[in-house]
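Listed below, chain by chain, are the residues.
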Amino acid sequence: MTTMQQARRTGTRALTTGALAALLFVAAPVAASAAASHTAGAGSPAAAARVFTCAQVDADLPNLFARECNSDHWGPISDFDVVDRRTKARFHCETGWAEGNLWLQGQNCRKASTGS
């Protein structure tokens, strides 16, 4: 084997090892997060519904749309509550989407008890 072939083989091996290490570095937190949410019991904090308080909530059940919420989450959400800051009305939604503090929408929502 020539020196050039040996250098290429060593370089390829280093790239493969580096790519595998990067993949494991990225995949480990995702797997740990998925495992934690999967194993969370009904009474654990991970299983508790997320609560968003919003300045304006327009509920046309089973859907709702809310603006100016206390959220920094962008993307899909599930099992969450929305509280109207003005009226204190509370709604529980199964699925939805949040755009940070700008707005969120919920599907399969129902009016929830306020606990008072």
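Scroll up a little and you will see the structure.
Throughout what follows, the structure given in this document is the object of discussion.

Parameters and conventions
- Residues numbered from 1 in each chain as written.
- Predicted model: local features only at pLDDT ≥ 70, side-chain atom pairs only at ≥ 80, totals over all residues.
- Heavy atoms only, no water.
- Helix = DSSP H or I, 4+ residues; strand = E, 2+ residues; numbered from the N terminus.
- Contact = heavy atoms within 4.5 Å.
- Areas by Shrake-Rupley, 256 points an atom, 1.4 Å probe, with all protein chains shown as cover.
- Phe/Tyr/Trp six-rings, centres within 6.5 Å; stacked < 30°, edge-to-face > 60°.
- Buried < 20%, exposed > 50% of the residue type's maximum accessible area, 1.4 Å probe, protein only.
- Disulfide = S-S within 2.5 Å.
- Polar contact = N/O pair within 3.5 Å; in protein donor to acceptor, adjacent residues only side chain to side chain.
- Salt bridge = Lys/Arg side-chain N within 4 Å of Asp/Glu carboxyl O.

### Some thoughts on the overall build of the protein chain
When its secondary structure is counted, the protein chain shows 1 helix and 5 strands. The order of α-helices and β-strands along the protein chain, N terminus first, is α-β-β-β-β-β. When contacts within the protein chain are restricted to residue pairs at least 6 apart in sequence, long-range pairs at least 24 apart make up 48% of them. As displayed, the protein chain offers around 8,000 Å² of accessible surface, 59% of which is attributable to carbon and sulfur atoms.

### Describing the packing of aromatic side chains
If you walk through the whole model with that rule in mind, you get 2 aromatic pairs. Geometrically, the ring pair formed by F52 and F80 is edge-to-face, given 5.8 Å between the ring centres and 80 degrees between the ring planes. Here the residue F52 occupies a position in strand β1 (residues 50–60), and F80 occupies one in strand β3 (residues 74–84), the gap between them amounting to 28 residues. Take F52: its relative accessible area is 3%, and that puts it in the buried class. Their ring planes at 25 degrees and their centres at 5.5 Å tell us that F65 and W103 sit as a pair that is stacked. Of this pair, F65 sits in strand β2 (residues 63–69) while W103 sits in strand β5 (residues 103–112), and the two are 38 residues apart along the sequence. According to the relative accessible area criterion, F65 is partly exposed, its value standing at 26%.

### What to know about the state of the cysteines
Under the criterion given, the structure shown has 2 disulfides. Residue C54 pairs covalently with C69 via a disulfide, S to S 2.0 Å. On the sign convention where negative means left-handed, the S-S torsion of about 110 degrees between C54 and C69 marks this disulfide as right-handed. Placement of the pair is C54 in strand β1 and C69 in strand β2, with a sequence separation of 15 residues. We note that C54, like C69, is buried. Within the protein chain, bonded cysteines paired by disulfides and numbered along the sequence follow the pattern 1-2, 3-4.

### Topic: the side chain of D84
Structurally, D84 is set in strand β3. There is a polar contact of 3.5 Å between the side chain of D84 and the backbone nitrogen of T87.

### Observations regarding the pattern of salt bridges
On inspection of all chains with the given rule, the structure shows 2 salt bridges. Close ionic contact of D81 with R90 constitutes a salt bridge, the shortest N to O distance being 3.0 Å. Under the relative-accessibility criterion, R90 is labelled partly exposed at 24%. With a closest N to O distance of 3.3 Å, D84 and R86 form a salt bridge. Residue classification places R86 among the exposed residues on the basis of a relative accessible area of 56%.

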